[in-house]
Amino acid sequence: MSKKLLRQLTLARCIPHRPYKLTASQLQVKLEEEGIHVSLRTVQRDLEEMSGMGLFDLTSDERSKPHGWCFERHGLNDFANIMPLSLAVALKTWSDQASQLLPASVLTELNPLVDKASQVIRDSQSELAERWLESVHQSPRPFAGNPEIRRSTLIRDALWRGRKFSAEIQRVIKERTVWLCYDRINPLGILNQADGPILLCTLSELDPKVYGIPFDHIKGVELTNFSATQPKDFNVQKLIRDQGYQDVSGPIRFVGRIDANCPTLVDGQIPGHNPRMTRYDKRSVVVETEVQDTPEFRTWLNNMSGNLEVLAPESLRKAYPTPGSRVS
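Parameters at a glance
Residues numbered from 1 in each chain as written. Predicted model: local features only at pLDDT ≥ 70, side-chain atom pairs only at ≥ 80, totals over all residues. Heavy atoms only, no water. Helix = DSSP H or I, 4+ residues; strand = E, 2+ residues; numbered from the N terminus. Buried < 20%, exposed > 50% of the residue type's maximum accessible area, 1.4 Å probe, protein only. Contact = heavy atoms within 4.5 Å. Areas by Shrake-Rupley, 256 points an atom, 1.4 Å probe, with all protein chains shown as cover. Salt bridge = Lys/Arg side-chain N within 4 Å of Asp/Glu carboxyl O. Pairing = 2+ DSSP bridges. Axes fitted to C-alpha atoms, helices over the stretch in contact; angles between N-to-C directions. Parallel < 35°, antiparallel > 145°, perpendicular 65-115°, else oblique. Nonpolar A, V, L, I, M, F, W, Y, C, P; charged D, E, K, R; others polar. Phe/Tyr/Trp six-rings, centres within 6.5 Å; stacked < 30°, edge-to-face > 60°. Lys NZ or Arg CZ within 6 Å of the ring centre and 35° of its normal. pLDDT = per-residue confidence, 0-100. Polar contact = N/O pair within 3.5 Å; in protein donor to acceptor, adjacent residues only side chain to side chain.

A.B. asks: Let's hear about the overall build of the protein chain: which residues, and what values?
C.D. replies: Along the protein chain, the regular secondary structure elements total 12 helices and 12 strands. In the protein chain, which comprises 328 residues, the share counted as buried stands at 41%. Considering only residue pairs separated by 6 or more positions, the protein chain has 60% of its internal contacts joining residues 24 or more positions apart. Total accessible area on the protein chain is roughly 19,200 Å²; 52% of this is exposed by carbon and sulfur atoms.

A.B. asks: Any chance you could break down the environment of His-67 for me, citing the residues and the numbers?
C.D. replies: For His-67, the location among the structural elements is in the loop between strand 2 (58–61) and strand 3 (68–71). Residue class for His-67 comes out partly exposed when judged on its relative accessible area of 27%. Beyond its immediate stretch of four places on either side in the chain, His-67 contacts Leu-22, Thr-23, Ala-24, Ser-60, Asp-61 and Glu-62.

A.B. asks: Tell me about the pattern of salt bridges, and name the residues and values.
C.D. replies: Opposite charge on two side chains makes pairing possible when the charged atoms of those side chains draw close. Tallied over the entire structure, the rule returns 8 salt bridges. We note a salt bridge from Asp-46 to Arg-7, for which the minimum N-O separation is 2.5 Å. Taken as a pair, Asp-46 in helix 3 (residues 40–52) and Arg-7 in helix 1 (residues 3–14) lie far apart in primary sequence, 39 residues in all. For Asp-46, a relative accessible area of 2% corresponds to the buried category. Taking the shortest distance from any N to any O, the salt bridge between Lys-164 and Glu-205 comes out at 3.6 Å. With Lys-164 in strand 4 (residues 163–173) and Glu-205 in the loop between strand 6 (196–202) and strand 7 (211–214), this pair connects stretches of sequence that are 41 residues apart. For Glu-205, a relative accessible area of 67% corresponds to the exposed category.

A.B. asks: Quick rundown of the sheet that holds strand 1 (residues 22–23)? Include the residues and the values.
C.D. replies: With antiparallel pairing, the 3 strands of this open sheet are ordered in space as 1-3-2. Across the chains shown, the open sheet's two edge strands, defined by having one partner strand only, are strand 1 and strand 2. Pairing between strand 2 and strand 3: 4 bridges, direction antiparallel. Bridge pairing links Thr-59 to Cys-70 in strand 3.

A.B. asks: Describe the packing of helix 2 (residues 24–33) against helix 3, with residues and values.
C.D. replies: At a closest axis distance of 9 Å, the pairing of helix 2 and helix 3 adopts a crossing angle of 105 degrees. In terms of axis orientation, helix 2 runs roughly perpendicular to helix 3. Facing helix 2, whose interface residues are Ala-24, Ser-25, Leu-27, Gln-28 and Leu-31, helix 3 presents Leu-40, Val-43, Gln-44 and Leu-47. Among the residues making up the contact of helix 2 with helix 3, the classes are represented as 6 nonpolar, 3 polar and no charged.

A.B. asks: Talk me through the packing of aromatic side chains; I want residue IDs and the actual numbers.
C.D. replies: This structure, assessed with the given rule, holds 0 aromatic pairs. In this arrangement the basic side chain of Lys-219 is found over the ring face of Trp-179, its NZ or CZ atom lying 4.4 Å from the centre.

A.B. asks: Go over the confidence of the model for the protein chain, please, and point to the residues and values.
C.D. replies: Of the residues in the protein chain, 84% have a pLDDT of 70 or more, and the chain-wide mean is 78. No element of the protein chain has a lower mean pLDDT than helix 4 (residues 77–82), which averages 51, and none a higher one than strand 8 (residues 218–227), which averages 92. This model gives residues 324–328 a pLDDT under 50, and the stretch forms 12 contacts once residues within four places in sequence are excluded.

A.B. asks: How would you sum up the side chain of Ser-284? Please name residues and give values.
C.D. replies: One can find Ser-284 in strand 11 (residues 284–291). Overall, Ser-284 belongs to the buried group, its relative accessible area being 4%. Polar contacts involving the side chain of Ser-284 include one to the side chain of Arg-257, which spans 3.4 Å. Not counting chain neighbours up to four residues away, the residues in contact with Ser-284 comprise Arg-257, Ile-258, Asp-259, Ala-260 and Arg-279.

Structure (structure tokens):
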């Protein structure tokens, strides 16, 4: 496939359908987000050429400058005519049930397809399709002005566009709940769980740890112009599988085996809330404690070098596999 054809196919995928419009400059930005870097003039030539070919009724609104480009809605009629009923039902069910799982910019581009899916279902007069849509519970659409919906949309847009964002994050410090401001939160992934979505991210260039932060613990989200960065050899699926992220909002359950003659045990200087100690053998004690994974806690671990074996959590155990290792 030639570079020009690939570029024009990608461009066609970025162009919205009426009544939505995008200028050539806005489409140039979308191409850059897809990894295609060309001049504004090249984008304009592509649009003019595609319009001249009559490709899906591509038109520009010349009533004002800069011109806005869009596909006419009837340009999708051919696609609607060949859309299988099963696909139409799937699209309509997805739209009713799970549309909040995508960023707003993607939903805008998919709206015409969902409209066409509804049309296919109506035209089919299928009793099976109608009974399915009537029988499956449809979650009520939340009010668009709801701040929780705006927060969720912006977080997903930040991940989709590869942009850092600023926000306040709920944290627990010395058993007190506080909201701290972060100006360059770096989104890496989203984990959808039964009790709500979790953002996987880093919070600072000086703190390489990946945190898992519930959406409910984030507020005041604003996108920045800073590009998101991905850690070297980063893999979201592996991170989730290995539980290699830390919940910034609450304490971790730390378990370690400590030399029974260690001064820390003698002095009772175990960090965290409500530490518990159990004799393991004649020479060591198992310590369990709830503690925040802070730089101070990491310093304590390093100071325990040679006297401590981390047993849990898994992320710390891998970072500190044997007594005498240094925690990064």
